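Overview (structure and organization)
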Amino acid sequence: MALIITEEQKLLRDSATEFLAMNAPIEQFRELRDDNYRAFDEGLWTKLVEMGWTALTIPEEFDGLEFGYTGLGQVLEEMGKNLTKAPLFSSIVLGATTLTESSNQELKAAWLTHLMDGTKRFAFALDEQTYFDPTSIATTAKKANNQYTLSGKKTMIIDGASADAFVVVAKTEDNEINLFLVEAKTAGISISTDVLLDAGTYASVTFDQVKVSEANRISTAGQGSNLLNQILNTACICLSAEMLGMVSEVFDQTIAYLKEREQFGKRIGTYQALQHRAAIMFSEIELCKSVVIKGLQAIDEKSEDLDQLASLAKAKLGKTIKLVTNEAMQMHGGIGVTDDVNIGFYFKRARVLQRLFGDYSYHLDRFARLNKY
Amino acid sequence: MALIITEEQKLLRDSATEFLAMNAPIEQFRELRDDNYRAFDEGLWTKLVEMGWTALTIPEEFDGLEFGYTGLGQVLEEMGKNLTKAPLFSSIVLGATTLTESSNQELKAAWLTHLMDGTKRFAFALDEQTYFDPTSIATTAKKANNQYTLSGKKTMIIDGASADAFVVVAKTEDNEINLFLVEAKTAGISISTDVLLDAGTYASVTFDQVKVSEANRISTAGQGSNLLNQILNTACICLSAEMLGMVSEVFDQTIAYLKEREQFGKRIGTYQALQHRAAIMFSEIELCKSVVIKGLQAIDEKSEDLDQLASLAKAKLGKTIKLVTNEAMQMHGGIGVTDDVNIGFYFKRARVLQRLFGDYSYHLDRFARLNKY
Amino acid sequence: METMTKSDLKEFRSETKRWLEENCPTSMRTPPKEFADLYWGGRNSTFSSEDQKNWFTKMLEKKWIVPYWDTQYGGGGLSPEENNILTQEMIRIGCRKPLFSFGISMLGPALHQFANKEQKMRFLPDITSGKTWWCQGYSEPNAGSDLAGLQTKAEDKGDHYLVSGSKVWTSYADKADWIFCLVRTDFEATKHNGISFLLIDMKSAGVSTRPIKLISGKSPFCETFFDGVKVPKENLIGTLNDGWTIAKYLLTHERQMIGGVGETDVRKAVHEIALENMPSKDGILSDSILRSEIAEIEMNDAVFEMTIQRITDEAKTGVNAGALSSFFKYYGTEQNVARMELISSITGTNGLLWESDNKDAVSVVRTFCRSKGNTIEGGTSEVQLGIISKRILNLPS
Amino acid sequence: METMTKSDLKEFRSETKRWLEENCPTSMRTPPKEFADLYWGGRNSTFSSEDQKNWFTKMLEKKWIVPYWDTQYGGGGLSPEENNILTQEMIRIGCRKPLFSFGISMLGPALHQFANKEQKMRFLPDITSGKTWWCQGYSEPNAGSDLAGLQTKAEDKGDHYLVSGSKVWTSYADKADWIFCLVRTDFEATKHNGISFLLIDMKSAGVSTRPIKLISGKSPFCETFFDGVKVPKENLIGTLNDGWTIAKYLLTHERQMIGGVGETDVRKAVHEIALENMPSKDGILSDSILRSEIAEIEMNDAVFEMTIQRITDEAKTGVNAGALSSFFKYYGTEQNVARMELISSITGTNGLLWESDNKDAVSVVRTFCRSKGNTIEGGTSEVQLGIISKRILNLPS
């Protein structure tokens, strides 16, 4: 498949650019942060739904647009450029994907419409430790009669405080990974929140003997790990798309600053040392563009290389966003470390995205293992 | 102890500078190489002995100068600058040190004088594989009556082809590391050689049921590993001194070239990108100077931190010599990759020294282990 | 002083030891944790505890606020050897500095070197007694790395200068009593030749300040505005239009401080933090990539410490290490930023906490963000590399 | 051609497949291992085997030495689609190129673009028939990266030019029949405006060569000296003093080749070499640091391949990818050098063998040394970064 976006995808992207410039520019990020770290603007969410962004990856049989992840990736990239805050990643990329990839038809029928129309939102409850390790799950799901009892504590749940239901990764008594849909109002659930470096609010949720009907088990027997793996791959690639947007924007702003800022009587973009560093960044970003589109297409094509491409994308973008945000901070000089300009927002948000769903070293290791060395 | 050399050490160093400029400049390296990779010049060796360099680390009780490794390090650094070829490292740093650090008084009495006067030379037979791992020794030493029988194959023996005796690292039947002194003329020894990247000849020696008298066991029971460790630490630090000389010389030559070579109508030293890269190299070399003198002093002071300092020195110099020789090649441009100029000699010799007695990753790992993580 | 014998010094050491033990309150022997733990003097500073006040008072009486300055300025008159001993003994039992002051570390040395007799008598005693809190006015919004491009002007109005312009990155300008400033006094001259060094009372009419918020949150930095401020002519230090000489002198000084030279290292080792936060097996950290990064940072930390020692030792033998301050500033700050980023990485998601009950974690994250300024303030890394290449390596322009 | 249908192409493919199977000898379906395995044509090249001769002859008769050139020049006249199919089918069964030639890859495109009718008819057929071995005369000892600073002069002597000077890095100049050269024809003009593009017969009186030995050992490179060489005026290609236009055209071309764009990748994966040479445990390489370096190189290799594909795909939609050749050259060569250094590292002491019975190991080491030139030849990495920053990022001068 050609590594370019289609005309339709390009139209979607252009409409996203225009929409976000109008409705969710970077200034909105600052306003939400200054408003006691507000998670997102409900009005914007309604508009995103109207734009159809919540339906892009939903199959037509559930009235979705079936436009694919390559399309969604274009939107996420544009959102990355503007640091747009909205529960699209949590509820759609993580939440809806969990359902569409599962074989639980009842749950799909019951929830997908509501996820699409934005009236309900999912959050994904996986992490239990301060470091990412999806194989080490202590949360248990014990079965009795037609019911599971979930116990454990989950952290780093994106948009967890405002979710209607959680997708919970737990171990059943056969020591298998399984995924459950647990409504937030269920008895035994308690929620606390922390604000992270990116001014985002992340939830920790305690499940204390929470009863879940068997019908809410999303994964079929023996397939939980595969389902989880599919979601994680999708998450990594979609996050990479968002990071690509951030990297591009930070780079563009930095190049613009190099052309404008004067020191020692010359524009700093004339200094060769900075020129070469800019050219090196440019090269790395060219590579990032390729791995992101390749990864997005791989989700849509159900490629056999998806594991590898997901780690490739997450590692490459993680490393590049670190390089580019650090260089951007340095090249902006003193003004860059003040809260008055936006460049620091990207720097801080980048550190969070680098870590989410596995950092550089996690995915470098995974890539090596997948290649058997 | 102050991290500076003493007046005496400085005098020794100055005399080495002067002596080598007269007797073993870099041109000699080229001549020896073009003379079918000749190992070294025998005449030079006689002169080195007359200079007293073979006696610097030998205790006074054996008529040595007891001048210490810090002194020897000054000489090695100067030799590094000129890529001087002589069996000083093999026969003295490795060979004589093995004896002076041992408690075998008979062997000391029998050999140290000859090592000092240059009439006999030792070579150190440790490596068995293509990667460095001093814990994995397959060469065996079986005892029967008052005699050991050695069997095994050793590789990468520096100056092994012209040595009078080998210090052989072998495992006795109690699975302990022990060191033996084996004369080269002993029955059962066969020698082959390879030329490495640095135009140096390295021997592989097969020990086929070689009989060695018990008196030739250098290490006392249970102390073989410690003795070996001490020699390896000494080797790493002394090699680092030699590498420091190389790094300094390569850097100086490169800076001189930057001041002289013109491109696009300007001296290339005026280009800021190259200036910054030069300044970064300068900084790394400053660090190298410190770790080398610290390491050399630590040998003389029998510091408890010797293990750590040896790995620190070898890792830091290994990484820096890679950086500086690569940058030197690049900054010299086309002429640098030709055999007409000397810069490539340093590049190639550096790759060998980086690897000998453990590469960067070996010593980074050892450093972490020593610090218990 | 010069005839002081080894046994004299030995006696000085034991006497100092005894005095510190007797006079330094226990609570003043712990590392300062927050701003209130530091006493800065001046009209806007208050003691946060009785112990802090007692410790300051005892040291003031002993003339040890600035032990190595001349007694005529309220210093202790100690010889370098004695001062060294005092510093060592204070570090040994962990005494806090009784006074934090840019007057001591920055303005003082400049006044010693460049001020006239009257100025020294007027300003130095108020530093040693903690009466004046000084802040520094160098940088300007449009003259960052290019410090000499500053535009704040001081016009000669006969008996006074009229100062207009603004400064940025003035630490604690909102609290300080006085500011030492670089101002432009000749707009015709080439840019390095029209600068003067001026002391300005922050209470003067026309002076105002605005705090600067950083990516790490609140900061001591301010912008300081001068709107037609009258400054008496006797507040000019050194020669008119030759302030750049003083600036260079102070910058070299500042670079060494920011590079961390001479500071005591009380950091917890990075690998200890890692072992507390990351999985390990048989005592070996499981994440081999981060483990390598930790080893690399710790190796470079160790070797950098050795380098500070080596160059200090060489300086004692008369080798001029002045130009090396750029190397220290460059390497020390780059290393510090890399270390903080790594610490944030190895503490996993804790290393991302911005607002949380886990105060230690939050402090790590904010320190990490703050560290991003290290490679910029006091001359960017790029400026330092330029200085190394030009002044040490003599590469052509 | 333009009306060729999909079924036509399908037929062309099956016919091509059949023809290649029939006519390409088995020994010509293995990768070339040494210089003798390559046939370069011209008066100094001989066939090293009957198979090599047969293969060349068959392809020559088929007009497939340069299948996509016009038939009037001895080309095969294939459409881009057909040529693509032929290339794919040759790669599929591993056919060697019947002729290696800078005439095809470098001079030919320039002649097509800039030569007049007579010149095309005179020189192109000798390329497609393998009669002329061409070499390239661009660089000079004192004009490395600064190619336009060349000093070899061609003086107008009425009916001929008189050429004096020297060239360096002329590959196979000691074997080639003709050289295409950049020479200075106007010393008054600014340096880019006094250059012309000249073809010179290597048999001319006054031409001599000297081989260049590299750090990797023997090399195809020579120095080429012109000592008052008479060159007929009809050997000038393009406009007098406008040779720089041709040079730029060819450099863009060359950069893409050196960067590895469009080359088939038949390398053994780095991690496979590592597993053969380094200790591992449970299939995981024990040296975790080198393992990370391997993963990083392999990741970047994979992503670079994707990038070549992406930009090729974009170019098909009309996006101008011309300026990106500098990125390809820069990244491809830097990556190649890093890969070779890593391979040398992971093969332990085998990765150091210079003269040994272990020929494979020696070849790795020498290839590693040779690779050091990649980031220099065809425009240094620094030059490429400069081009990216100026032409793509539009940073100011």
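What you are looking at is a predicted structure, and each value in this text was computed from that prediction instead of being measured.

Some points on the overall build of chain A
The secondary structure content of chain A amounts to 11 helices and nine strands. Against the compact-globule benchmark of 21 Å for 373 residues, chain A has a radius of gyration of 21 Å, which places it among compact chains. With the principal axes as the frame, chain A shows a C-alpha extent of 80 × 45 × 40 Å. Burial statistics for chain A: of 373 residues in total, 64% are counted as buried. Look at the contacts in chain A between residues 6 or more apart in sequence, and 73% of them connect residues 24 or more apart. Just so you have it, chain A exposes about 13100 Å², and 48% of that area is on carbon and sulfur atoms.

Details of helix α10 (residues 359-371) of chain D
Given a rise of 1.5 Å per residue, 13 residues ought to cover 18 Å, and the 18 Å separating the end C-alpha atoms of α10 of chain D matches this to within 8%. Listing the buried residues of α10 of chain D in full gives A361, V362, V365, F368, C369 and S371 of chain D. Tucked into the core, α10 of chain D has its buried residues touching α10 (343-355) of chain B together with α9 (325-346) and β11 (353-355) of chain D.

Re the packing of aromatic side chains
A full pass over the atoms with the stated rule returns 71 aromatic pairs over all chains. Residues F47 of chain C and F56 of chain C carry aromatic rings whose centres are separated by 5.7 Å and whose planes lie at 45 degrees to one another, so their mutual orientation is tilted. The class of F56 of chain C is buried, set by a relative accessible area of 6%. Among the aromatic residues, ring-to-ring pairing joins F282 of chain A together with F304, F327, F328, Y330 and Y331 of chain D into one connected group. The aromatic ring of W64 of chain C is capped on one face by K62 of chain C, whose charged end is 4.9 Å from the ring centroid.

Considering unusual backbone geometry
Residue and element names in this part refer to chain B. A positive phi angle, close to 55 degrees, is found at F264, a residue other than glycine. By secondary structure assignment, the location of F264 is in the loop between β8 (262-263) and β9 (266-267). On the basis of relative accessibility, which here comes to 39%, the residue F264 falls in the partly exposed class. For K302, which is not glycine, the phi dihedral falls at a positive 50 degrees. As for its position among the elements, K302 is in the loop between α8 (272-301) and α9 (306-332).

Points about the confidence of the model for chain C
All names here are of chain C. Per-residue confidence for chain C gives a mean pLDDT of 92, with 96% of residues at or over 70. Low pLDDT (under 50) marks residues 261-266, which in the prediction has seven contacts with non-local residues, meaning those over four places away or in another chain. Model confidence for the complex: the whole-complex pTM is 0.91, and ipTM, which rates the interface, is 0.92.

Details of the interface of chain D and chain B
Facing 42 residues of chain D, the contacting portion of chain B comprises 39 residues. Summed over both sides, the interface of chain D with chain B buries roughly 3400 Å², with 57% coming from carbon and sulfur. Ranking the residues of chain D by area buried against chain B places I215, T349 and L352 of chain D at the top, with a combined share of 20%. Run the count over chain D and chain B and you get four salt bridges. Linking D339 of chain B and K213 of chain D is a salt bridge whose minimum nitrogen-to-oxygen distance equals 3.7 Å. Along the contact surface separating chain D from chain B lie 24 residue pairs in polar contact (both at pLDDT 80 or more). Mapped by element, the contributors of at least two residues to the side of chain D that touches chain B are α8 (288-316), α9, β11, α10 and α11 (381-392) of chain D. Across the side of chain D that touches chain B, the residue classes break down as 17 nonpolar, 16 polar and nine charged. Here strand β6 (residues 189-196) of chain B runs beside β11 of chain D; their pairing, made up of two bridges, is antiparallel. Among the inter-strand pairings, V195 of chain B is bridged to a residue of β11 of chain D, identified as E355 of chain D.

Overview of the interface of chain A and chain D
In many analyses, interface size is given as the accessible surface area lost on bringing the parts together. Residue-level contacts link 42 residues of chain A with 40 residues of chain D. When the two sides are added together, the surface that chain A and chain D hide from each other amounts to roughly 3400 Å², 70% of it contributed by carbon and sulfur. Among the residues chain A hides against chain D, the three largest losses belong to F282, L287 and Y373 of chain A. Together they make up 21% of the total. Counting every contact that joins chain A to chain D gives three salt bridges. Among the salt bridges present, the one from E296 of chain D reaches K319 of chain A, with a minimum N-O distance of 2.9 Å. Scanning the region where chain A abuts chain D turns up 14 residue pairs in polar contact (both at pLDDT 80 or more). Of all the secondary-structure elements, those providing two or more residues to the side of chain A that touches chain D are α7 (224-260), α8 (272-300), α9 (306-332) and α11 (360-370) of chain A. With 15 residues, the single largest contributor to the side of chain A that touches chain D is α8 of chain A. Of the residues in the side of chain A that touches chain D, the class split is 22 nonpolar, nine polar and 11 charged.

Section: the packing of helix α1 (residues 7-23) of chain A against helix α4 (residues 69-82) of chain A
Residues and elements named next belong to chain A. The interhelical angle for the contact between α1 and α4, taken along N-to-C directions, is 25 degrees, at an axis separation of 9 Å. Classed by the angle they form, the pair α1 and α4 counts as roughly parallel. By crossing handedness, the relation of α1 to α4 is classed as right-handed. Two secondary-structure elements touch here, α1 through Q9, L12, R13, A16, T17 and L20 and α4 through T70, G71, Q74, V75, E77, E78, M79, K81 and N82. Per-class residue counts for the contact of α1 with α4 are five nonpolar, six polar and four charged.

So, the side chain of D177 of chain D
Residue and element names in this part refer to chain D. The topology assignment puts D177 in the loop between β3 (160-171) and β4 (178-184). Among the polar contacts made by the side chain of D177, one reaches the main-chain amide nitrogen of W133 at a distance of 2.7 Å. Residues within four places of D177 in sequence aside, it is in contact with G42, R43, K131, T132, W133, D201, M202 and K203.

Some thoughts on the nonpolar core
Within soluble globular proteins, side chains that are nonpolar tend to cluster in buried spots. In this structure, W53 and F357 of chain A together with W53 and F357 of chain B are the most contacted members of the largest nonpolar core, which totals 326 residues. Excluding residues within four positions of it along the chain, F357 of chain B makes contact with F89, L94, F132, I158, L232, A235, C236, L239 and H363 of chain B.

Some words on the pattern of salt bridges
Considering all chains together, one arrives at 87 salt bridges over all chains under this definition. Residue E77 of chain B is joined to R13 of chain B by a salt bridge in which the shortest nitrogen-to-oxygen separation is 2.9 Å. In this pair, E77 of chain B sits in helix α4 (residues 69-82) while R13 of chain B sits in helix α1 (residues 7-23), placing the two residues 64 residues apart along the sequence. With respect to burial, E77 of chain B and R13 of chain B carry one shared label: buried. The salt bridge partner of D146 of chain C is K191 of chain C, with a shortest N-O separation of 2.9 Å.

Quick notes on the domain arrangement of chain C
Residues and elements named next belong to chain C. Annotation of chain C at the domain level lists domain 1 (6-100), domain 2 (134-242) and domain 3 (262-392). Centre-to-centre, using C-alpha coordinates, domain 2 lies 32 Å away from domain 3. Residue-level contacts link six residues of domain 2 with eight residues of domain 3. With both sides pooled, the region where domain 2 packs onto domain 3 buries about 530 Å², and carbon together with sulfur makes up 62% of that total. For domain 2, the biggest contributors to the area lost against domain 3 are S145, I215 and S216; these three give 74% of the whole. Joining domain 2 to domain 3, the criterion identifies one residue pair in polar contact (both at pLDDT 80 or more).

What about the environment of K259 of chain A?
Positionally, K259 of chain A belongs in helix α7. Given a relative accessible area of 29%, K259 of chain A falls into the partly exposed group. Sequence separation between K259 of chain A and A24 of chain A is 235 residues, and the spatial gap between their C-alpha atoms is 27 Å. For K259 of chain A, the residues in contact, after removing those within four places along its chain, are R267 of chain A together with L393, N394, L395 and P396 of chain D.

Here's the deal with the pairing of strand β1 (residues 134-137) of chain C
Residues and elements named next belong to chain C. On β1, burial covers both faces: W134 and Q136 on one face and C135 and G137 on the other are all buried. Where β1 meets strand β4 (residues 178-184), four bridges bridge the pair, whose relative direction is parallel. The residue of β4 that forms the bridge with C135 is I179.

Considering the domain arrangement of chain A
Residues and elements named next belong to chain A. Here the domain parsing of chain A yields domain 1 (7-121), domain 2 (123-216) and domain 3 (224-370). For domain 2 and domain 3, the distance between their C-alpha centroids amounts to 30 Å. Each partner contributes to the interface: domain 2 provides 13 residues, whereas domain 3 provides 14 residues. In this assembly, domain 2 packs against domain 3 so that about 1300 Å² is buried in total across both faces, 80% of it on carbon and sulfur atoms. When the buried area of domain 2 at its contact with domain 3 is split by residue, F132, L197 and D198 rank highest and sum to 40% of it.

Thresholds applied
- Residues numbered from 1 in each chain as written.
- Chains lettered and ligands numbered in written order.
- Predicted model: local features only at pLDDT ≥ 70, side-chain atom pairs only at ≥ 80, totals over all residues.
- Heavy atoms only, no water.
- Helix = DSSP H or I, 4+ residues; strand = E, 2+ residues; numbered from the N terminus.
- Rg over C-alpha atoms; globule rule 2.2 N^0.38 Å.
- Buried < 20%, exposed > 50% of the residue type's maximum accessible area, 1.4 Å probe, protein only.
- Contact = heavy atoms within 4.5 Å.
- Areas by Shrake-Rupley, 256 points an atom, 1.4 Å probe, with all protein chains shown as cover.
- Expected span 1.5 Å × (residues − 1).
- Phe/Tyr/Trp six-rings, centres within 6.5 Å; stacked < 30°, edge-to-face > 60°.
- Lys NZ or Arg CZ within 6 Å of the ring centre and 35° of its normal.
- pLDDT = per-residue confidence, 0-100.
- Buried area = accessible area lost by both parts, 1.4 Å probe.
- Salt bridge = Lys/Arg side-chain N within 4 Å of Asp/Glu carboxyl O.
- Polar contact = N/O pair within 3.5 Å; in protein donor to acceptor, adjacent residues only side chain to side chain.
- Nonpolar A, V, L, I, M, F, W, Y, C, P; charged D, E, K, R; others polar.
- Pairing = 2+ DSSP bridges.
- Axes fitted to C-alpha atoms, helices over the stretch in contact; angles between N-to-C directions.
- Parallel < 35°, antiparallel > 145°, perpendicular 65-115°, else oblique.
- Left-handed = near helix turned anticlockwise from the far one by under 90°.
- Core = buried A, V, L, I, M, F, W, Y, C linked by side-chain atoms within 4.5 Å.
- Domains from an automatic or database assignment.

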